[in-house]
Each structure stands twice: as structure tokens, then as C-alpha cells.
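# Fold and geometry: a report
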Protein chains: 2
Amino acid sequence: MIDNKTIGKIEKIVGKLNATAEKEDLICYSYDAFNLRYLPDLVVFPESAQEVSELLRLANEQGFPVVPRGAGSGLTGGSVPIRGGVVVSFERMNRILEIDEEDMKAVVEPGVVTADFHREVEKVGLFYPPDPASEEFSTLGGNVAECAGGLRAVKYGVTRDYVLGLELVLPTGEIVTAGVETVKGVVGYDLTRLIVGSEGTLGIVTKIILKLLPKPEARATLRAFFARGEDAIQTAARIIRERFLPATLEFMDGESLRCVEDYLKIGLPAEAEAMLLIEDDGDPVLLKKNIRRMEEICRERGTQVELAGNEKEAEDMWRPRKAISPALGRIRPRRFNEDVTVLRSRMEELIRVVSGICKRYQVINVNFGHAGDGNIHVNILYDPEDKEELGRAEEAIEEVLKAVVEMKGTISGEHGIGVAKAPYLHFELGDQGIAVMKKIKQAFDPNGIMNPGKIFASGNGTE
Amino acid sequence: MIDNKTIGKIEKIVGKLNATAEKEDLICYSYDAFNLRYLPDLVVFPESAQEVSELLRLANEQGFPVVPRGAGSGLTGGSVPIRGGVVVSFERMNRILEIDEEDMKAVVEPGVVTADFHREVEKVGLFYPPDPASEEFSTLGGNVAECAGGLRAVKYGVTRDYVLGLELVLPTGEIVTAGVETVKGVVGYDLTRLIVGSEGTLGIVTKIILKLLPKPEARATLRAFFARGEDAIQTAARIIRERFLPATLEFMDGESLRCVEDYLKIGLPAEAEAMLLIEDDGDPVLLKKNIRRMEEICRERGTQVELAGNEKEAEDMWRPRKAISPALGRIRPRRFNEDVTVLRSRMEELIRVVSGICKRYQVINVNFGHAGDGNIHVNILYDPEDKEELGRAEEAIEEVLKAVVEMKGTISGEHGIGVAKAPYLHFELGDQGIAVMKKIKQAFDPNGIMNPGKIFASGNGTE
């Protein structure tokens with residue numbers, strides 16, 4: 001608990017109107033898209049790096065936790081204040097400070113909503129590829145904290161690949177700038193990329209310099225259904241083996257298709273056991289050639305293959321993929337939504353292994369996701385009221401994560417560790433790997449005030 | 001000085017035949033492509049991470065410096081043992097362990113020569129873009145340590161963009177693996193990218209997992225001469241403004257053209273004050289369309305514009321660019337070869353500012369480099385015997401670096417800091433920025449044994 005005197009000091013830093021300890025406000029900032037709820041003591045809305053700096057200086061002195069928060073759309077509990085303290089929300093730091101058309105870069109504050117940013121840069125013929133599923137509400141600051149991926153990562157990479165530089169407030173209050181505005185730069189350690197994906201545990205980002213690309217001239221969308229899951233996975237593998245890297249190469253399994261059909265009633269083929277959704281972009285002539293060849297590849301094993309003739313048809317093709325989350329919610333109220341990633345050549349094996357584990361534990365399993373990246377969203381559904389089912393789901397998840405590491409995959413391709421995967425971190429990193437990361441944490445945050453309890457399962461990451 | 005007992009222990013670790021303290025051997029490992037010479041006490045040639053680990057454990061106990069070394073082709077003194085100690089050379093750890101065609105990645109030891117690796121992956125239709133000028137002798141380990149760029153960085157990025165994961169021996173001896181083999185991964189802090197570009201100051205890399213691309217189907221080369229430097233720079237800017245990102249977009253100024261012509265006598269146009277060399281690759285149809293348009297753009301301001309008709313003509317077009325280094329050596333024995341980088345829109349301003357400074361100090365200035373990245377190799381030539389000229393050259397360099405930082409550029413786009421630019425680090429990072437990097441150094445290397453005296457101007461980076 002933060003005492004009243006300290007609360008008074010914090011109110012002085014951000015302004016009394018920009019801090020709240022009202023119960024109904026605190027509840028709004030107590031959870032994210034993972035299933036955890038912890039009330040903060042206070043929520044503040046700073047408007048400058050200077051205010052954030054003063055707040056962190058105070059926190060570092062007094063030892064209270066500070067938890068930065070974007071839109072709370074994270075899937076691993078990263079922004080949940082599990083030890084109370086102050087939630088720092090960026091509603092007031094949401095300006096696009098600059099879009100530089102000539103040098104193709106932008107400078108933004110952390111609270112800018114991802115999709116708003118997409119729209120703004122596209123207006124001037126530019127393009128910011130990272131497009132996490134939550135783009136309509138997630139913020140760029142949150143994307144940086146989690147190194148968000150998205151649907152277009154196959155061809156374009158993830159958030160890390162677009163962050164040129166940062167303004168960062170260290171847990172001890174110093175304001176530092178990292179990185180460059182130029183396209184190249186190797187001065188000292190790569191602080192920028194150390195911060196990207198550090199889940200708000202090493203400091204608070206107050207400004208982001210993003211690299212932009214020219215907006216692709218044209219786009220094409222292709223969808224294929226398959227009678228067997230293996231056929232879809234083998235088709236995806238074949239596309240990659242022929243050296244295509246389409247912008248998007250999404251997979252849905254039979255279970256997820258049936259869930260979505262039950263929900264949307266849009267006449268998805270009843271016998272389909274898998275779907276691939278492929279989108280590519282670029283020069284119109286090359287795009288046409290490439291999409292035609294990918295269409296041929298799909299026809300070899302697919303039962304129904306369609307190329308979108310216009311924007312409307314493309315949108316319709318996307319509907320099932322975008323409806324998965326609400327559709328799954330109708331079957332069980334909760335789910336573990338994993339983002340394991342394996343080598344693309346081992347996706348078929350992954351799905352076989354996952355199915356085996358889930359059958360053994362008799363849990364409902366749905367798989368979909370980014371086939372082009374080997375990043376499959378293994379979902380295990382459960383009812384939190386049914387403790388016995390929850391227990392089986394937890395055991396199944398643990399086995400899945402172990403199997404993924406044995407397959408030389410990673411337990412998180414894009415969601416991060418947060419609270420959700422902290423207990424499994426050692427599967428992948430081992431004690432030595434965790435020890436070196438804790439040393440970095442200690443160097444940045446000697447008093448363990450920055451988003452404690454995340455990434456590292458025990459302590460605040462500093463012991 | 002390392003005592004004989006310790007030398008005995010080191011010989012036991014790597015094998016007596018794989019360590020040398022012979023004067024003539026030590027001399028070979030006393031310098032790189034920067035103008036410094038310091039003899040190490042010992043040079044060792046380990047063959048495994050285990051041996052490196054034992055060596056570092058011993059060094060950490062006894063406090064002697066350890067300096068990892070690739071081919072010694074670095075331009076900032078990064079591999080020079082300026083405080084003596086043990087140079088670790090990777091001649092015996094030079095195997096390509098795996099080229100995975102299906103998942104488009106490779107696993108290599110640090111001693112693999114960059115160009116050998118290019119050739120091996122290209123044999124199976126794959127492609128590793130980073131191509132520093134020293135590729136025929138530089139090693140992949142050295143490329144990782146410096147985050148090497150190269151000619152193709154405009155379109156393809158730098159070494160950082162291709163390192164998926166690493167095996168690393170910490171200065172305290174632990175062997176850790178960082179990163180992933182998959183195309184995505186966000187588990188814990190991004191140790192991989194923290195190590196890339198850390199100039200051998202945070203540990204020794206013993207294995208590298210590299211991402212590969214499909215080999216581009218076709219390539220085209222275009223060269224244009226201009227009557228004024230501004231015309232070339234404006235043409236480069238125009239190419240970028242039309243949203244082309246060719247693989248290579250190189251610039252040479254009039255001085256460098258005349259130097260090369262004096263040296264090669266290949267009939268470069270005498271009146272030319274600048275040259276652009278453009279190379280692009282990819283799908284043949286798209287490539288043809290793009291190169292034709294870039295040719296048109298060049299013709300608007302160019303005095304002589306040629307498109308290579310075949311491989312031989314392309315090679316001829318590259319000759320002047322590749323001959324710069326030996327050609328400049330004929331004018332003055334030594335030069336400062338800076339790699340400052342500015343926003344692409346400010347290259348014209350950079351060259352104007354640099355010319356002004358060099359005129360004021362009456363030093364010989366030659367500029368060439370990666371116009372597509374805003375990364376210009378500002379060269380100032382001098383005779384080390386002429387102390388007065390050397391002094392003027394040093395003052396001019398300092399002013400150039402200050403001006404670049406004022407222009408929001410970076411003092412190093414691709415060569416790193418090493419010893420050469422350590423005195424100027426604070427221009428760009430400020431005291432706060434340096435302090436946070438020193439904390440990282442301290443966390444990894446509490447006794448300051450790893451490549452001391454690099455990056456940070458004072459001390460071993462830990463005080």
C-alpha cells in the first residue's frame with residue numbers, strides 16, 4: 001500500500017486531475033486479456049517524460065511498484081499490477097509527433113493506437129507492417145513492450161524490426177535516448193532492441209522512432225479449404241519451400257472452423273478440416289504471378305480454393321479468422337491461448353504432438369495462427385468454475401510447452417512471458433539463461449520497482 | 001603481463017600446440033585495419049565453447065584481458081589487445097555446422113569467412129545479404145561483434161537483422177544460448193541483439209544461428225556519372241523518394257574518382273564530379289521495370305549513364321568502387337575512414353558541411369559510400385610522419401562528428417566505436433546514455449576482462 005503522503009507527492013507530479021484511486025477506476029486498470037485481476041493503488045496519466053521520470057525517482061526511493069500499461073490487450077498478464085502500486089497509463093501521451101515522408105520514419109508517443117497509426121501513415125503512401133490482432137485498440141507502446149507480431153510478420157517481421165530508437169525513462173529516473181533516426185547505427189550497446197520485448201520491466205518508453213516502408217501498391221487474398229489438417233500444413237510448407245514469403249499465411253484447424261461456423265453461420269464447408277488464408281502485396285505484376293502460383297499449389301491438396309475478386313470478397317474471406325476469439329468464448333468461457341513457435345518444417349509434427357497431449361488430458365483443443373511463421377496458437381479451452389478441467393488444461397499446457405522446447409521451438413513467438421509463462425521460462429532458457437537476464441534486470445532496476453513479478457517466476461527479478 | 005604459471009594453465013585448456021607467445025606470432029595479432037599496434041601476451045586457438053569457457057573462468061579469476069578476434073579487418077581497433085592479455089582467434093572454429101534449406105537458416109562457428117559462407121549458401125539457392133567490403137577475409141563472428149553492414153544494406157539491412165540466436169560464453173565463464181532457431185521468439189530479454197554489435201565486450205560468441213533468404217533470381221547493375229556532387233546526391237534522394245530501395249546505392253565523389261583513375265587508368269570520365277552505382281535484384285520482370293525507371297531518373301541529371309549488359313560489364317562497373325582503398329593509400333599512407341550516417345534527406349547538407357570543415361583545416365577529404373543508407377564514408381587522408389597534418393586531421397574529424405550529431409545523425413553507421421571513436425561517444429549518447437551502457441557492461445563483466453578499453457573511453461567500462 002502506498003501511503004497518503006506519497007500519493008500526495010504523486011498527484012503533485014502528474015496533477016491532481018491526472019491521478020485516481022477511485023475503486024471503479026482501479027478496477028478498469030486491474031486486468032488485461034489474460035485471466036488475472038489485481039487492483040493497483042493508484043492510476044496515473046502522465047503527459048511527459050519529465051513526469052514519468054519524477055514518478056520513477058520517487059518509486060525508486062520509496063520502493064513501490066510501477067506498472068506501465070497500453071490498452072491492456074496483452075495475453076500474458078504483462079500490464080496487470082499483481083503487486084499493486086501505480087499503474088501508468090498513456091491516454092494523454094497519444095500523439096503522433098511526426099510522420100517524415102521523405103525519410104520514411106515516424107516519431108510517436110507510446111499511447112498511439114496501432115490501427116490509428118496504420119491509417120495515418122497510409123494516408124501519405126507509407127506503411128507500418130506490425131499488425132497484432134488487437135490493433136484496433138492496442139497501443140504502439142504496448143507493442144514495443146511485448147515486441148508484438150501480427151498477421152503480416154511472415155514477410156515483414158515484427159515490431160523489433162521497425163523500432164529505430166526510443167526515449168526511455170530508467171527505473172532510477174534518468175531519461176535516456178537509445179538508437180537513431182537514421183537507417184543504420186551501431187554506437188554502443190543496442191539499448192533499443194534490449195528494451196523492445198522487455199515487457200515494461202526495464203523502464204518506461206516515452207517516445208518511439210519507427211521505420212516506415214512504402215505502402216505496397218496492390219494486395220491479393222486467397223483462401224483454401226482442406227479435407228485434412230495435414231494437407232493444409234503441407235501446402236503451407238510447400239509454399240515456403242518454393243520460396244514464397246507472402247505477407248500473411250494463416251491456418252485454422254477443423255475445430256476452429258466449426259466453432260466459427262456455429263457462431264457466424266456463413267456457410268463454411270462442413271467437411272473442411274483446415275483452412276489456409278493467404279494474403280500478399282507488392283508490385284501488381286509480380287503479385288499476380290505469385291498469387292497464381294500459390295493458388296495452384298493450394299489446388300493440389302485443397303478441396304475448395306478461392307481468389308478474392310475485390311476488397312469486399314477479401315474481407316469476407318477474413319471473417320472466420322477474425323471471429324475466432326468470440327466464437328471460442330461460446331464453448332468455454334476461458335482458454336489458454338499459447339503462441340508456441342516451431343521451425344516451419346515441424347508444424348505438422350507440432351500439431352500431431354499437441355493433439356496427442358490434448359486427447360490424453362481430454363481437453364478441448366483448437367489450433368490456428370501464423371503458419372507462415374511456424375507460430376501456432378494452440379488454444380486449450382476450459383471453464384474456470386470446473387477446477388478439475390482447469391487442472392487438466394494446465395497440465396496439458398505444460399506438456400505442450402515442454403514438447404515445443406524439445407522440438408527446438410520457442411514457448412512464445414509473440415505474446416511474451418508476463419505472468420502466464422513465467423513458470424515455464426526455465427524450460428527454454430535454463431538456469432544460466434535466466435541468471436544472465438536477471439543480472440540485466442538488476443543493473444537497470446536495483447530496487448525492483450518496474451513491473452515486478454513479470455517474466456521471472458520468483459521474486460522481483462532482482463534476487 | 002600474464003605469469004608463466006597462468007600461461008601453463010591456458011596451454012592446458014586449449015592444448016599446447018594451440019597457444020603461442022612467439023614474438024613473430026604476437027605481432028600478427030597486434031593490429032587490425034585501424035592504425036594501432038599492441039602486442040598480446042598470448043594468442044590461443046580454441047576449438048570449442050567449453051575451452052573458451054574455461055579460459056574466461058580463469059581470466060575472470062586472475063583478471064587478465066581477453067580479446068576475441070575474427071580476421072582483424074575491423075576499422076576501429078576493436079580486436080587490438082590494447083592492454084595485452086590473451087587474443088582468442090577462431091581459425092579452428094570455422095565450420096559451417098548446418099545449412100537448413102527447408103527452414104532457411106544456418107548454424108556456423110564464429111571463424112567462418114563471410115564470403116565463403118555466401119558461396120556455400122548460394123550453392124543451394126539461398127542468400128545471406130550482409131556483405132561488408134572485407135567479406136573475402138572478415139569472419140561471421142567479427143561481423144556479429146561489429147554488427148557489420150555492407151553494400152546491400154539499403155534493401156536488406158545489416159547483420160543484426162539476420163542473427164536469430166547465439167551460443168555465448170559470458171566473461172564469467174557460463175555458456176548460455178540466446179535467441180531461437182525459429183523465425184519468431186520473444187522469451188525474456190533480447191540477449192541476441194544486445195550481443196550483436198557489442199564489440200566483444202560482453203562475452204565470446206561460439207555459435208551463430210543465421211536467417212537466410214531465397215537467392216534473388218536476377219540482378220542488374222547501373223552506373224551514372226555526374227558533373228556535380230549535388231546532382232548525384234539529388235538523384236539518389238529522388239530514387240528513394242520514388243520509393244525504390246535497390247540492393248545497393250553507392251556514391252563516389254570527384255576526388256575519389258580521380259584517385260581511382262590515377263591508380264587504375266580505366267578511362268573514367270575526367271570531368272565527372274560524382275558517380276552513383278546502383279545494383280538491384282529480385283524477380284526478373286519487376287527488376288527490369290525498376291532498373292529502367294532508376295536509369296531514367298539518373299539520366300535527368302547524369303552526364304553518362306550505363307546499364308550493365310552482362311556479368312562482366314557489371315564487374316567492370318564495380319572496379320572503381322572496390323579500388324578506393326588502395327588508391328587512397330597512394331596519396332597519403334593513412335586516413336581516418338569515418339562511417340557517419342545521416343538522414344537520407346540530409347546527405348547533401350552533410351557533404352557541404354564536411355567540405356567546409358576540411359577546407360578550413362586544409363586536409364585532404366574524399367567522400368564515398370552508401371548513399372542509399374545516408375551512410376557516407378568521410379575520409380580524411382594524412383601522413384602519420386607529419387604530426388602537424390595529423391593534428392589538423394584529428395581536429396577536422398572531431399568537428400565532423402559533432403556536426404553529424406547536430407544533424408541528428410550517428411557517428412557510426414557500421415564500423416562501431418572500438419578505440420577509434422571512444423573519445424567521441426559522449427557526443428551522441430551523453431553521460432546518461434553512457435552510464436546505462438556501463439551498467440550493462442558491469443552486469444556481464446564485473447572484473448572488466450572482456451576486451452577492455454573498447455567503446456568506453458575511460459577505464460574498462462566498469463568504473
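In this text the structure is predicted, and so the values were computed from the model without any measurement. (Residues numbered from 1 in each chain as written. Chains lettered and ligands numbered in written order. Predicted model: local features only at pLDDT ≥ 70, side-chain atom pairs only at ≥ 80, totals over all residues. Heavy atoms only, no water.)

Residues and elements named next belong to chain B. With antiparallel pairing, the 7 strands of this open sheet are ordered in space as β15-β12-β14-β13-β17-β18-β16. Two strands close off the open sheet at either side, each with one partner strand: β15 (304-307) and β16 (334-337). Between one strand axis and the next, the sheet turns through 15° on average, direction left out of account. As judged from the 4 bridges shared by strand β12 (residues 218-226) and β15, these two strands associate in the antiparallel manner. Residue A224 lies in a different strand from β15, and its bridge partner there is V305. (Pairing = 2+ DSSP bridges. Helix = DSSP H or I, 4+ residues; strand = E, 2+ residues; numbered from the N terminus. Axes fitted to C-alpha atoms, helices over the stretch in contact; angles between N-to-C directions.)

Next up on the list: the pattern of salt bridges. Applying the stated criterion to the full structure yields 86 salt bridges over all chains. With its nearest N and O atoms 2.4 Å apart, the salt bridge here joins K421(A) to D339(A). Taken as a pair, K421(A) in the loop between α14 (387-406) and α15 (425-444) and D339(A) in the loop between β16 (334-337) and α13 (347-360) lie far apart in primary sequence, 82 residues in all. Exposure remark for K421(A): the relative accessible area of 3% places this residue in the buried category. In this structure, a network of salt bridges that share partners links the residues E98(A), D100(A), K105(A), E181(A) and K408(B). (Salt bridge = Lys/Arg side-chain N within 4 Å of Asp/Glu carboxyl O. Buried < 20%, exposed > 50% of the residue type's maximum accessible area, 1.4 Å probe, protein only.)

Superposing chain A onto chain B takes a rotation of 180° plus a shift of 0.0 Å along the axis, which leaves an RMSD of 0.0 Å. Both chain copies can therefore be described as sitting about a two-fold axis. Take the interface residues of chain A: 100% of them recur as interface residues in chain B, which is what a same-surface contact looks like. (Least-squares fit on C-alpha atoms with pLDDT ≥ 70 in both. Contact = heavy atoms within 4.5 Å.)

Residues and elements named next belong to chain A. Side chains V86 and V88 of strand β4 (residues 86-89) all project onto a buried face; the interleaved residues V87 and S89 project onto the opposite face, where all are buried too. In the sheet, strand β2 (residues 42-44) pairs with β4 via 3 bridges, with the strands oriented parallel. The residue of β4 that forms the bridge with L42 is V86. In terms of strand pairing, strand β3 (residues 66-69) meets β4 through 4 bridges, oriented parallel.

Moving on, we come to the interface of chain A and chain B. Across the contact, 77 residues belong to chain A and 77 residues belong to chain B. For the pair chain A and chain B, the summed buried area comes to about 6,700 Å², and 61% of that belongs to carbon and sulfur atoms. On inspection of chain A and its partner chain B, the count reaches 12 salt bridges. K289(A) is paired through a salt bridge with D283(B); the nearest N and O atoms lie 2.4 Å apart. Put simply, chain A and chain B have 24 residue pairs in polar contact (both at pLDDT 80 or more) between them. Contributing elements (two or more residues each) for the side of chain A that touches chain B: β9 (175-179), α7 (191-195), α8 (229-241), α10 (284-301) and α15 of chain A. The leading source of residues in the side of chain A that touches chain B is α15(A), at 12 residues. (Buried area = accessible area lost by both parts, 1.4 Å probe. Polar contact = N/O pair within 3.5 Å; in protein donor to acceptor, adjacent residues only side chain to side chain.)

Along its sequence, chain A is carved into domain 1 (4-91), domain 2 (96-214), domain 3 (218-326) and domain 4 (332-406). Inter-centroid distance (C-alpha atoms) of domain 1 of chain A to domain 3 of chain A is 42 Å. (Domains from an automatic or database assignment.)

This brings us to the packing of aromatic side chains. Throughout the structure, instances matching the rule amount to 14 aromatic pairs over all chains. For the pair F117(A) and Y128(A), a centre-to-centre distance of 5.2 Å together with 75° between the ring planes defines the contact as edge-to-face. Highlighted residues: F117(A) in helix α4 (residues 114-123) and Y128(A) in the loop between β7 (126-127) and α5 (140-146), separated in sequence by 11 residues. Since its relative accessible area comes to 0%, Y128(A) is described here as buried. Both rings, one in F127(B) and one in Y156(B), keep their centres 5.2 Å apart while their planes meet at 75°; by these two values the pair is edge-to-face. Separated by 29 residues along the polypeptide, F127(B) in strand β7 (residues 126-127) and Y156(B) in helix α6 (residues 153-156) bring together distant segments of the chain. Each member of the pair, F127(B) together with Y156(B), is buried. An aromatic cluster is present here, built from F117(A), Y128(A) and Y162(A) joined pairwise through their rings. (Phe/Tyr/Trp six-rings, centres within 6.5 Å; stacked < 30°, edge-to-face > 60°.)

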